[in-house]
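Here's the letter readout for the chains.
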Amino acid sequence: MIYFLIYLWLFYIGFVFYAGCQVAITARQWGVLIPAAPVLLIAGLMDVLFNQTFGRVMFWEWTFTMTFSERLDLHFHNSGWRGSLARDIGNVLDKILPNHIH
């Protein structure tokens, strides 16, 4: 259980780091992005791994999406419990990175 909590914390830190790099990503400021690339790559891999395991369990489905954000986007406008769950999580993520989940 403690490893899962550490994983979630690092996953969250990676997402916040990614959100903080958005201006540099948009402006293609390679001097900023190259040192940040290892953290962003690890966070991206954590996202894919989380989505393929816990993301599928949370939404109780086998639909393929690469990242957890894609899974949230897939269900965001649905009615029912999947849509409600996607909106709840997506609205929290949108506070960190506005308009990330649609």
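The rules behind the values
Residues numbered from 1 in each chain as written. Predicted model: local features only at pLDDT ≥ 70, side-chain atom pairs only at ≥ 80, totals over all residues. Heavy atoms only, no water. 1 Å grid on protein atoms, 1.4 Å probe; cavity = no way out; pocket = protein on both sides within 12 Å on 5 of 7 lines; lining within 4 Å. Points joined across faces, edges and corners; volume = space filled by probe spheres on them. Helix = DSSP H or I, 4+ residues; strand = E, 2+ residues; numbered from the N terminus. Nonpolar A, V, L, I, M, F, W, Y, C, P; charged D, E, K, R; others polar. Contact = heavy atoms within 4.5 Å. Core = buried A, V, L, I, M, F, W, Y, C linked by side-chain atoms within 4.5 Å. Buried < 20%, exposed > 50% of the residue type's maximum accessible area, 1.4 Å probe, protein only. pLDDT = per-residue confidence, 0-100. Axes fitted to C-alpha atoms, helices over the stretch in contact; angles between N-to-C directions. Parallel < 35°, antiparallel > 145°, perpendicular 65-115°, else oblique. Left-handed = near helix turned anticlockwise from the far one by under 90°.

Novice: Can you break down the layout of surface pockets residue by residue, with the values?
Specialist: Of the voids in this model, the largest pocket is the one considered here, and its volume is about 610 Å³. Forming the boundary of the largest pocket are 22 residues, of which Phe11, Phe15, Asp47, Ser69 and Leu93 lie nearest the centre. Listing elements by their share of the lining of the largest pocket, those giving two or more residues are α1 (2-20), α3 (30-59), α4 (68-75) and α5 (81-96). Broken down by element, the residue count for the lining of the largest pocket peaks at 7 residues, all from α3. Grouping the constituent residues of the lining of the largest pocket by class yields 15 nonpolar, 5 polar and 2 charged.

Novice: Help me get a handle on the environment of cysteine 21, residues and values and all.
Specialist: Within the secondary structure, cysteine 21 sits in the loop between α1 and α2 (22-27). C-alpha separation for the pair cysteine 21 and histidine 100, spaced 79 residues apart in sequence, amounts to 13 Å. When near neighbours in sequence (up to four residues on either side) are disregarded, cysteine 21 contacts Leu33, Ala36 and Leu40.

Novice: An account of the nonpolar core is requested, with residue identities and associated values reported.
Specialist: Side chains of a nonpolar character, in soluble globular proteins, are inclined to be buried together. Counting 14 residues, the largest nonpolar core has Phe50, Phe59, Phe68, Leu72, Leu93 and Ile101 as the members making the most contacts within it. Only α1, α3, α4 and α5 provide two or more residues apiece to this core. Contacts of phenylalanine 68, omitting those with residues within four sequence positions, involve Asp47, Phe50, Asn51, Gly55, Met58, Phe59 and Ile89. By size, the runner-up hydrophobic cluster in this structure holds 5 residues, among which are Cys21, Ala24, Leu33 and Ala36.

Novice: Which residues make up the confidence of the model for the protein chain, and what are the values?
Specialist: When pLDDT is averaged along the protein chain, the result is 92; 100% of the residues meet or exceed 70. Mean pLDDT values over the elements of the protein chain span from 91, in α1, up to 95, in α4.

Novice: So, the packing of α1 against α3: which residues are in play, and what are the values?
Specialist: It is at 9 Å that the axes of α1 and α3 come closest, and there the two elements cross at 130°. Considered as vectors, α1 and α3 are oriented oblique to each other. As α1 packs across α3, the resulting crossing turns out to be left-handed. For the pair formed by α1 and α3, the contact residues are Phe4, Tyr7, Leu8, Leu10, Phe11, Gly14, Phe17 and Tyr18 on the first element and Ala36, Val39, Leu40, Ala43, Met46, Asp47, Leu49, Phe50 and Phe54 on the second. Considered class by class, the residues forming the contact of α1 with α3 number 15 nonpolar, 1 polar and 1 charged.

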